[in-house]
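What the coordinates show
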Amino acid sequence: IRLSLVGSEMCIRDREMSGYEQSRDVEWLGNHYKVVVKREADHELPIIQLDKTNKYYDNKITIRILRSDGTEFFNHTFTKAAFESNLDKKTKSTGALLGIVFDKAEGNNLCFAASVGSPDITSDEYLPLVLKISRMGAVSISNDQVLDTESNTESTSSASSTSKEESEDDDEGV
């Protein structure tokens with residue numbers, strides 16, 4: 001965080017969300033893989049301005065999928081731009097790539113939950129997305145129709161809140 005004096009006010013500028021790296025062992029298509037997801041602030045992307053004093057760096061998130069022998073099956077760095085066709089106008093302009101987490105292996109795809117929304121930790125504004133990587137390495141992205149994959153009995157607002165809290169818990173350290 002950079003602090004500066006503007007007039008007699010102190011303004012906080014150019015904040016960044018905490019980085020993280022997660023690693024999961026996965027059985028998929030009869031083989032063992034390691035899925036590594038790493039988030040970090042990207043100082044090369046345009047800064048997101050939420051209001052007059054709150055600015056954030058957007059994030060980049062790299063997904064690496066390693067075979068059991070250590071060779072790389074997939075390696076790609078995602079930015080918000082990869083999700084733009086799934087975003088509304090406000091999220092495109094004031095949202096950041098918040099996170100991508102491994103969800104499950106399903107048939108020929110590895111499925112990830114992704115979110116783009118307000119980088120302000122006090123906000124619960126975000127759009128849930130599904131990112132799939134096929135056995136051939138093709139990427140598909142869609143809007144998530146189910147906000148809580150654990151239980152479909154909760155209300156939408158409760159499920160959204162739960163997903164955000166779980167996502168924040170995952171951000172705090174692995």
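Summarised in this report is the structure supplied together with it. (Residues numbered from 1 in each chain as written. Predicted model: local features only at pLDDT ≥ 70, side-chain atom pairs only at ≥ 80, totals over all residues. Heavy atoms only, no water.)

Focus on the nonpolar core
This is how the line gets drawn: To define a nonpolar core, start from buried Ala, Val, Leu, Ile, Met, Phe, Trp, Tyr and Cys residues and group those joined through side-chain atoms within 4.5 Å. Each residue's exposure class comes from its accessible area (1.4 Å probe, protein chains only) as a fraction of the maximum for that residue type: buried when under 20%, exposed when over 50%, partly exposed otherwise. The secondary structure listing takes helices from DSSP runs of H or I that are at least 4 residues long and strands from runs of E that are at least 2 residues long, numbered from the N terminus. Contact between two residues is taken to exist if any of their heavy atoms lie within 4.5 Å; hydrogens are not considered.
Residues Ile63, Ile65, Phe83, Ile100 and Phe112 are the most contacted members of the largest nonpolar core, which totals 24 residues. At the level of secondary structure, the elements contributing two or more residues to this core comprise strand E3 (20-28), strand E4 (31-41), strand E7 (59-67), strand E8 (72-78), strand E9 (96-106), strand E10 (109-117) and strand E11 (126-134). With four residues, the top contributor of residues to this core is E10. Once residues within four sequence positions are removed from consideration, isoleucine 63 is found in contact with Val36, Val37, Phe74, Asn75, His76, Phe78, Ile100, Phe112, Leu131 and Ile133. Counting five residues, the second-largest nonpolar core is a separate cluster that includes Ile48, Ala96, Leu98 and Tyr126.

What to know about the sheet that holds E10
Going by this rule: For two strands to be treated as a pair, DSSP must find at least two bridges joining them. The axes are straight lines fitted to the C-alpha atoms, using for helices just the contacting stretch, and the angles between their N-to-C directions are given from 0 to 180°.
Strand order in the open sheet formed by four strands is E9-E10-E11-E12, with antiparallel pairing between adjacent strands. Strand pairing shows two members of the sheet lacking a second neighbour, E9 and strand E12 (139-143), which therefore form its edges. On average, each strand axis in the sheet is inclined to that of its neighbour by 25 degrees, with strand direction left out of account. Inspection of the sheet shows E10 paired to E11 by nine bridges, in the antiparallel sense. Paired with leucine 110 across the strands is isoleucine 133, a residue of E11.

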